[in-house]
Amino acid sequence: MKKTLDQKLHERKIKKPNYIIYNFLGHLWKYTVAKKYKMNVNFIDDPKKEKGAYILISNHASRLDYIFTAVPLLPQTLNFVAGYNEFFRSHLHTIFHLLQEIPKKNFTPDMYTVLEIFRVIKSGGRVVLFPEGMSSISGGSQPVALGSGKLLKKLNVPVYVSSIKGGYLVSPKYNLIERPGKVEVSYKKLFSVDDLSRLDADEIQDILNKEIQTNDYLYNETAKNIYKTNEVMKNIEQLLYKCPVCGAEFENESGNNYLVCKKCHNKVEMDNSYALSAVNGKLPFKNPKDWFDYEREEVKKEIQDPEFYLEDEVEIG
């Protein structure tokens, strides 16, 4: 019987990436994809000076984070832990295989992933983890996955952290058309081996949550970077589905630079620095992240009702 892709994935023994292939692709992306972004890199501590294995933790701003984290560290090779579902995308499967990426099922324990991380680290490799589990929905960080502190303590190798600012603004989840602009990346050592021995897993978890906290909209209120796009607000109703003025849901409609409620006609605009302004009516929030957080709080109230249910038609396949 022919093996499924799932079976093939979980039979692989992950190794360190091939140095020549990795650096060929890395430099190709450096001079093509990365060139569109004005990357400002700050090494508070430089992971390239680490002699042996280490873990690199990063906030997960966008689907371009592999560029923002890996390119500044060339020629070092890194094994990325990537979402299991991404390995089923035909345009990614071969690249992921060549780069020895480690699949991880989202939001559930995955022993295969843990064992392969240990395998790479034991061989002297370096592993990149995005402990939020998925790229940012709203432009801000999400809590790190439970058990991250325990995993780092067990691995017992130095841990570095990468902080990406502006990453969401060049590729927001509501519209993946890339918007060239400035991205800032900084690196520092987060835990030594002695730190991991001294701290318990919960303390490590708390520090991780603190260190990866970012909010790209707040960052750009001060930075005031301009991101080149003619569709700065197109499709944002997929994220901002509730009108905070009249309370209507799924009545918001976007244009290239505006969002309007079809029920109460409240309208806001957003410029290429992602600053919101009122066109008519009220400006309910300073930025889309605050708007999104309001919707989350509203949903929390709704699901407390014992009569609440969610119903939809879906296709399973």
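One can find the structure itself at the top, above this paragraph.
Throughout, a residue's number is its position along its own chain's written sequence, starting from 1. With the structure being a predicted model, the display of local features is reserved for residues of pLDDT at least 70 and the display and counting of side-chain atom pairs for 80 or more, all residues being used for whole-chain, interface and lining totals. As a rule here, side-chain values come from all non-hydrogen atoms in the structure, and water together with hydrogens is ignored.

Caption draft 1: How the structure looks around the packing of aromatic side chains. Whether two aromatic rings pair depends on their centres lying within 6.5 Å, for rings of Phe, Tyr and Trp, where Trp uses its six-membered ring; planes under 30 degrees apart make the pair stacked, over 60 edge-to-face, and the rest tilted. For the coordinates displayed, the defined rule picks out 13 aromatic pairs. Among the aromatic residues, those joined into a cluster by ring pairs are Tyr168, Tyr217, Tyr227 and Tyr274. In our convention, an over-ring charge means Lys NZ or Arg CZ found within 6 Å of a ring centre and within 35 degrees of that ring's normal. Cation over ring: Lys105 sits above Tyr84, and NZ or CZ is 5.0 Å from the ring centre.

Caption draft 2: Region of the structure containing the pattern of salt bridges. The salt bridge definition used is simple: a Lys or Arg side-chain nitrogen within 4 Å of an Asp or Glu carboxyl oxygen. All chains considered together, the criterion is met by 16 salt bridges. Close ionic contact of Arg89 with Glu86 constitutes a salt bridge, the shortest N to O distance being 2.6 Å. Exposure classes here rest on a 1.4 Å probe applied to the protein chains alone. A residue is buried below 20% of its type maximum, exposed above 50%, and partly exposed in between. When its relative accessible area of 37% is taken as the criterion, Arg89 is described as partly exposed. A relative accessible area of 24% means that Glu86 is categorised as partly exposed. Measuring nitrogen to oxygen at the nearest pair gives 2.7 Å for the salt bridge that ties Lys289 to Asp293. Here Lys289 and its partner Asp293 are both found in helix H11 (residues 288-303), four residues apart, which amounts to about one turn of the helix. Judged by its relative accessible area of 12%, Lys289 is buried. Here the salt bridges share partners, and the residues they tie into one network are Lys242, Glu249, Glu298, Lys301 and Glu302. We count a stretch as a helix when DSSP gives it H or I for four or more residues in a row; a strand needs E for two or more, and each element gets its number in order from the N terminus.

Caption draft 3: Region of interest: the nonpolar core. Within the largest apolar cluster, 47 residues are counted, with the highest numbers of intra-cluster contacts made by Phe68, Leu78, Tyr174, Met233, Met270 and Tyr274. Setting aside chain neighbours within four positions, we find Leu78 in contact with Pro17, Tyr22, Tyr54, Ala70, Leu73, Leu99, Arg126 and Val128. Ile102, Ile117, Leu196 and Ile204 belong to the second largest nonpolar core, which has 26 residues in total. Here, nonpolar core means buried Ala, Val, Leu, Ile, Met, Phe, Trp, Tyr and Cys residues that are tied together by side-chain atoms lying within 4.5 Å of each other. Throughout, a residue-residue contact means that at least one pair of heavy atoms, one from each residue, lies within 4.5 Å.

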